[in-house]
Amino acid sequence: ELFGAVQISPLSSGYSLGSSNWIIQSHHEKVSYVSGSSLLTTHPQPMDQSSLKNSDVLILTGLTQMPTANPDGMLGEFCSNLAMTIRAGGNVLVPCYSSGVIYDLLECLYQFIESASLGTTPFYFISPVANSSLEFSQIFAEWLCHNKQTKVYLPEPPFPHAELIQTNKLKHYPSIHGDFSSEFRQPCVVFTGHPSLRFGDVVHFMELWGKSNLNTVIFTEPDFSYLDALAPYQPLAMKCVYCPIDTRLNFHQVSKLLKEVQPLNVVCPEQYTQPPVTQSHRSDLMLELQPPPMPYRRCSVLSLPFRRRYERVYILPELANSLVPSEVKAGVSVATVSAVLHSKDNKHTLQSVPKPPPVAPSKKRKRVIEEPPVTLSPKPLLSGAVPLEAFLATLQKQGITEVKVEETAEGHILHLQAEDTLIQLEEDGTHIVCDNNEPLRTTLRDLVLRFLQKL
Amino acid sequence: MDRECVLILPRVCEVLAASGSSLPDDTSLEKLLDWFTTITQTGVSLLEACPCLLDLLSNVAFNSTSGPSILSFTLKLAGLIGASEDGFKVLEECSVLGLVFDPRHWQEAGLWEDPCLRIGWIQGLKTILQHSKALRFFVQAGLIEPLLHLQTDSSLFVASAANQMLAHVLLLCESLSSVGCNGTKERDLEQSSLSMETNQNCSGVITKALEYLNKCLVLKETSQLSQRQQILKLLTQLLVQVRTPLLDKLLLTVIDSVEELVTKSCSQLTLPLMDVVLAANSRLSDDHDPKQRIGRLLSLMLSRNNPVDVIQAAAAWLRSRQYDPVHTAHCARVLLLPLDIVTGISLLDENSTAEELRILMTEQLKSKTCFSMICVCLTNIPQITLLAPDCLPCPQRRIVSAVLSLLKLCCGDTSSSSAGCVGVFRFVTGSSKVQKCSMEALSALSKSPEVEILLPEVFKLLTEYLNRPSSDPSVLQKSYQALINWIGVSTDLSCITGLLREDLIQAVRKRACDMRWEARDSTVEFLGHLAEVQSCRTSAGEEREPSNSLLGGCSFTVPLLKEALQDLESYVRASSISALGQTLTLSWQQGAALTQSQVEIVTRLQEILSQDSEGFARRAVVKYFIAWFSSCSSPTSCSLLVQSVPTVLSQGVADLDWEVKLHTLELAELLLDQAFPNPAPPHPYAVMSDQSHRSHTQDKESELLSSLNSLVDRGVISALFCFLVDCDRPVALKACQLLLKLRHTVCPLMVSAADTRVPCELPGWSWVHEIKKIQGVNKDPHTQGGSHIGSEAHGEAVEESTSAEGDSVCVSVCEVLRSLDLDERLSILTQSSDHIYNSPLSLLQDIITASTANSHPNSEPGQEVIVDCY
């Protein structure tokens, strides 16, 4: 809860461990923020779609960077190139982050190793947080997919990389110094960061293996241009393969998702509203929604298309007890409330009006200024409508016979010609225009009040 | 007919007549009917052979308490009996005929509601309607009305059978009328009055049926669509089968209604209507009156404004293979139009296709229906490639370009389709279905004339597809097939640049490591097929194998395939073994020395044969050795092959998979053929002295002895003996045939003294028992063949020669060949394995047994096993 104004809740986005979507909601408004999400079956809990329903605004970001690259195809490409290099006696370098997609890569390789006869090839994961990343992934079972959760109850490690570590097929090191140097064996597969190739241990491997065309560097992170990343290492003999594995939502999936959750308004980056510049004919690579989404650019400020109209106010029980509701129509009762509105941290509470403290008997003469203010009881509120025919009949009984009735857009105007007085009967008010004839005005007022209810 | 069957049949008829409900196994009635049909087909009168059947018919017909399946059986049986004029007469005389085929009788008994009975009625009636008397009965009993009523039966099976029946009735009427027309003046009065009556009957039936057909065609209710489709199918069937004058009459009756349907343009009726029009068009010669009208209907169908309909109609025309240059050219244009619109490559001349159709089709292609339209267009390209050039709106080369362009669109590449229909791009991009159809079309187009020039472009695109990460395995397979077809287009592969070759090598190497086994399988299959493509010429002008020219030959292929022998998926292992065989065939034929790699392959293959848990791989191993043996220029000089064959045979014998065993027998047959090649026939007038004849015979005997010994040494003979008693019938049959061949070759020339000179060691005691069993059959005095020897003596002979170890048996080959009655064995094995259980006698006994079991006081209802066979 943020300052009592809104509640913010994370939802599983299905993308990877640690990723989430957000719901920002007040009592009467709801804004969803969809970031990198995935509908594919990978390691995390499936994306929570139902909680996104009934949003006033859905802010859509984090769609796939590679809408034309099928993640499954890329994963296959990754494995094929890896196996091909190892069979030819080369090494494979995979610049990657220390968590996220690497869990899926390791799982995929776990299945692939045997079929590709790579059982004897060592896999190294080098990162200062390699150990924690691999171990922490095994203990967040509540955020994992159903199959992995089930494994935990067996009990078995949810991720198969535990077995790879156990069988010494996967080894992890905090850095290339120390144990790694003595245990390093080639040909091998190394997972290390940073994917930009600008820092981290990957730099050493690029320099070590870059000169041999037997080796391959396989880029899997879609957030970096592999050509830019490789630029400083040119000329490079090693093979470079670009297999961006991006499991985030594509345009087709997001269209289906939006049809399902039906937000009133969608806000998204401007890029999503038009096809890519290089593929202008690909109308399938853009968002086509009705009503059209609100695009935004970097640093632009948007006013979201909804207005806060209501606020929730709490009422204390003792004050509620004192209310006298009267039914205005079946199932609807109203009551007047006299209370003190107490607002703190964006929470509003109606409290009883404090009673004046009893006057303590004193021999001293009270001073006028010390007397508490007299709290006047509020005037009753009126409701109901004045029926024209019945009102005219009542006027006639009172001897007012010369009445000219004029129909207006709001109601009626009654002109009491003899008295030179106007009575305006409208839906939400009645006015009596009567110059210098207070008794007549009072009489007319009382006649009107006869037809109204008092609260 | 078997005497025992004749004796038992009355009891069976009693059982059938008495059983109030169906028999537990419905199929027994079908089998019984099949048996009766077989008897009638031999020309035997069923009633004469089995008079009790008449009682069965009477009992069931007059007492309607039998179950529907027995009633249905009875109706069919009545049809079978009445199909002959004599049988018909008997049925008529005993009043059975009228009763069993009277629908009112069954309606009153409340049994007509059962579709089983209605099917029996239709099929029985169809069988009986073979002669004019039956037709007279059909007409007089007014059975045409219920038959017409059944055309729209609620049961689809009944309706379909009724359709067939109506066609049968009309065809019968046609044949009987034509006989009547051919009547000569010499016939007596009675004969001529009979034929007149028949003609009247025929005419009445034909008129009613045709009126009915016409009425059904013009029904206004759209709900009757399926009925109309059914009637159109019937009409097609009739148009194909009937002759003039019925053909003319039929067309005259329905042509207005058909025309009305054609002009109404109901999409669901396009295909059946087209079938009707095509059938009529093919049957009518140019001098027929309605020919022009049918031609106009055809033109109407082919010029509809609904693009989906017109494409279907055009495809139907091309499939029908009818020749009309105008229609054919029009259909080719219609079918090429979607490709023209989508790719923007002009396949049609400006004025050739109605602009309206182009506009409508362009709009239609922007919706999801584009898939079906494009796919129909692509699947008909093989037909289009067969058309004469004057029927095509453009050279076939241009169609290849359009297909290539479409394949590029499927990958999201629009560079070659700038004038294409942008609206359709979003649908075809990434569509595996369109990709597969396009690949098939591309394969078909490889046979087109003058397309060699496009080979580099095709090669480049196919290599790109093979390299694409998102290519579906089925698309990859089609890409490989297309590549093989296109590589065969030109004998000169010099147009394939080094860069393209490098791309292909890269793609193949990558796909051999693909995660999806289907992709790996297609890749190794491709390598095998490539090795079989005929040789081509390189840029340097030398003759080379395409495999060498494109991939670098065995040095590239063999290591990849060797790697695939370790694959986890058995299909891939099997394919890689086959591909290795295909790849190495040339070197075997040339008698090249074996490399170390080939020796390793043989070792690995033997491991697979002995250890692999999957049959596919083991079968492939045996086939590899068959291929090696049969293509090897001199099998005996290849020591590795000679050494390997006995191992393969012994492992094949021990295998549990019957196909492995059968392939092992094929290998054994090759060895037999090699040992005993067919001798050149002696010159018919050759003169040979006694001495030279004797010496020739001795030489021959010694030659045979040597060959036989060699076969024994290689394990061929022991394998054949073991397979002879194999539990799999095809295996035992093949072994028996080979042993007979061996006996014919060896035994006549071998004198008894030679017999003991060819001993053969057989593994295991079980074999001896089996041989004893076979020999035991020979004790039967009825057994044919003069070469049998008393089983006891031979049993002893076998036992006497048992080796001391006790785990193998030593036998004399010729002695065993003679003593086993292989001819008798062959006749037994030639029959199906269940011939005893499926004999008519067994069937009759089963029916009686089943009825006894049903009537047994202790049997509880619902406990019987109910078998439904369809």
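About the thresholds
- Residues numbered from 1 in each chain as written.
- Chains lettered and ligands numbered in written order.
- Predicted model: local features only at pLDDT ≥ 70, side-chain atom pairs only at ≥ 80, totals over all residues.
- Heavy atoms only, no water.
- Contact = heavy atoms within 4.5 Å.
- Buried area = accessible area lost by both parts, 1.4 Å probe.
- Salt bridge = Lys/Arg side-chain N within 4 Å of Asp/Glu carboxyl O.
- Polar contact = N/O pair within 3.5 Å; in protein donor to acceptor, adjacent residues only side chain to side chain.
- Helix = DSSP H or I, 4+ residues; strand = E, 2+ residues; numbered from the N terminus.
- Nonpolar A, V, L, I, M, F, W, Y, C, P; charged D, E, K, R; others polar.
- Pairing = 2+ DSSP bridges.
- Axes fitted to C-alpha atoms, helices over the stretch in contact; angles between N-to-C directions.
- UniProt positions renumbered as here; feature names shortened; annotations may be inferred.
- Expected span 1.5 Å × (residues − 1).
- Buried < 20%, exposed > 50% of the residue type's maximum accessible area, 1.4 Å probe, protein only.

Attention now moves to the interface of chain A and chain B. With 23 residues of chain A at the interface, the matching set in chain B holds 20 residues. Counting the surface lost from both chain A and chain B, the interface buries some 1800 Å², and carbon and sulfur atoms represent 60% of this. Contact with chain B buries area across many residues of chain A, yet M84, R87 and H281 of chain A alone supply 32% of it, more than any other trio. Between the two partners, chain A and chain B, sit 3 salt bridges. If you look at where chain A meets chain B, you find 2 residue pairs in polar contact (both at pLDDT 80 or more). When contributions to the side of chain A that touches chain B are tallied by element, the ones reaching two or more residues are α1 (71–87) and α2 (101–115) of chain A. The greatest single-element share of the side of chain A that touches chain B, amounting to 11 residues, is contributed by α1 of chain A. Residue composition of the side of chain A that touches chain B, grouped by class: 7 nonpolar, 10 polar and 6 charged.

Turning next to the pairing of strand β20 (residues 411–416) of chain A. Residue and element names in this part refer to chain A. In the sheet, strand β19 (residues 403–407) pairs with β20 via 5 bridges, with the strands oriented antiparallel. Following the sheet pairing, K404 is matched in β20 by H415. Two successive antiparallel strands, β19 and β20, enclose a turn made up of 3 residues. Of the strand pairs in this sheet, β20 and strand β21 (residues 421–426) are connected by 6 bridges, and their pairing is antiparallel. Its bridge partner lying in β21, L416 is registered against T421. Connecting the antiparallel pair β20 and β21 is a turn made up of 4 residues, with D420 showing a positive phi of about 55°.

All names here are of chain A. What the 3 strands build is an open sheet, ordered β13-β17-β16; its pairing is mixed. The open sheet is flanked by β13 (313–315) and β16 (339–344), the only strands paired with a single partner. Here the average twist between neighbouring strands, direction ignored, is 30°.

Within this structure's numbering, the places UniProt gives as "domain: Beta-Casp" (unreviewed entry) are residues 102–230 of chain A. The span residues 102–230 of chain A is 40% helix and 12% strand, and its two end C-alpha atoms sit 21 Å from each other.

Between its first and last C-alpha atoms helix α28 (residues 498–511) of chain B spans 20 Å; for 14 residues at 1.5 Å apiece the expected length is 20 Å, and the two agree. For α28 of chain B, the full list of buried residues reads L500, L504, I505, A507, V508, K510 and R511 of chain B. Where the residues of α28 of chain B are buried, they touch α1 of chain A together with α26 (455–467), α27 (473–487), α29 (517–532), α30 (546–551) and α31 (554–564) of chain B.

Here we take up the sheet that holds β20 of chain A. Residue and element names in this part refer to chain A. Here we have 4 strands laid out as an open sheet, ordered β19-β20-β21-β22, and antiparallel in their pairing. Across the chains shown, the open sheet's two edge strands, defined by having one partner strand only, are β19 and β22 (429–433). For this sheet, the mean inter-axis angle between neighbouring strands, taken without regard to orientation, is 15°. Here 5 bridges tie β21 to β22, and the two strands are oriented antiparallel to one another. Following the sheet pairing, L422 is matched in β22 by V433. The strands touched by helix α11 (residues 388–397) are β19, β20 and β21; relative to β20, the strand with the most contacts, the crossing angle is about 15°. In this fold helix α12 (residues 438–450) packs onto β20, β21 and β22, with an angle of close to 160° to the strand it touches most, β22.

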